[in-house]
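The residues making up each chain are set out below.
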Amino acid sequence: MRRKSLFALLLLLVGVALYGGIALATPPSGLTNVPLARGTNVSNGTIPLQVRADVAMAQITVDPGGSSGWHSHPGGAIIVVKQGSLTVYSPVGSKCETTTYSAGQAFIERPGEVDDVLNAGTIPYVLFVTFPRVPQGDSARTDEPDPGTCPGI
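In what follows, the accompanying structure is described. (Residues numbered from 1 in each chain as written. Predicted model: local features only at pLDDT ≥ 70, side-chain atom pairs only at ≥ 80, totals over all residues. Heavy atoms only, no water.)

Our next topic: the overall build of the chain. Counting its secondary structure elements, the chain contains one helix and 10 strands. Reading the chain from its N end, one meets helices and strands in the order α-β-β-β-β-β-β-β-β-β-β. When burial is assessed residue by residue, the chain has 26% of its 153 residues classed as buried. Contacts in the chain between residues far apart in sequence, at least 24 positions, make up 84% of those at least 6 positions apart. Counting every atom, the chain has about 10200 Å² of accessible surface; 58% of that belongs to carbon and sulfur. (Helix = DSSP H or I, 4+ residues; strand = E, 2+ residues; numbered from the N terminus. Buried < 20%, exposed > 50% of the residue type's maximum accessible area, 1.4 Å probe, protein only. Contact = heavy atoms within 4.5 Å. Areas by Shrake-Rupley, 256 points an atom, 1.4 Å probe, with all protein chains shown as cover.)

Right under this line is the structure:
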């Protein structure tokens, strides 16, 4: 009985602490937050940040039939698909690996990973991209030669 009473008291104290924290929170003032995009990560990548590296952001739109061209990112990229769908073509050894992403999904391109991204859909795809670890003064994108592993791309 005593144990149940102590547990009930503990739950009551936790509830009061949580409510008190919410009640004492300060609302923003003069702040506007415009959500640009949100997606669920469906890749297995990670990108550590480094001190003194730049972080860049971009909105990228590609029309149907368009492509990114073969490229890489020196610090990688965190991509959220806002609209449409896209197919990423990546050389893996002597083979071509393809992955398709659509609106509401997010994925990571690792630093130095070479790929070409195509829009085979009927509407433009829109991406919101964060480029972490961009060397100061450098571009977030590096054009790359066609690796020859994805014929017809």
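So, next bit.
For Ser43, the location among the structural elements is in the loop between β1 (40-41) and β2 (54-62). Of the residues examined, Ser43 reaches a relative accessible area of 15% and is grouped as buried. A sequence separation of 66 residues divides Ser43 from Glu109, and the C-alpha atoms of the two residues are 8.8 Å apart. For Ser43, the contacting residues outside a window of four places in its chain are Tyr101, Ala106, Phe107 and Ile108. A distance of 3.1 Å separates a polar side-chain atom of Ser43 from the backbone nitrogen of Ile108. (Polar contact = N/O pair within 3.5 Å; in protein donor to acceptor, adjacent residues only side chain to side chain.)

Here the focus is the state of the cysteines. One pass over the full model with this rule turns up one disulfide. Put simply, Cys96 and Cys150 are joined by a disulfide, and their sulfur atoms are 2.0 Å apart. The disulfide joining Cys96 to Cys150 has a torsion of about 100° about its S-S bond and is therefore right-handed. Taken together, the residues Cys96 in strand β6 (residues 95-102) and Cys150 in the segment after β10 (142-143) connect sequence positions 54 residues apart. (Disulfide = S-S within 2.5 Å.)

Across the sheet, three strands lie side by side as β6-β5-β8; this open sheet has antiparallel pairing. Two strands close off the open sheet at either side, each with one partner strand: β6 and β8 (116-118). Taken over all neighbouring pairs, the strand axes of this sheet differ in orientation by 25° on average, direction set aside. Both strand β5 (residues 85-92) and β8 contribute to a ladder of three bridges, which runs antiparallel. Along β8, the bridge assignment pairs Tyr89 with Asp116. (Pairing = 2+ DSSP bridges. Axes fitted to C-alpha atoms, helices over the stretch in contact; angles between N-to-C directions.)

Sheets are built from strands that pair by backbone hydrogen bonding, the pairs being arranged parallel or antiparallel. Overall, mixed pairing links the five strands, which are arranged β1-β7-β4-β9-β2 in an open sheet. Every interior strand has two partners, whereas the edge strands, β1 and β2, have only one. Alignment of β2 against strand β9 (residues 125-134), held across eight bridges, turns out to be antiparallel. Within β9, the residue paired with Met57 across the bridge is Thr130.

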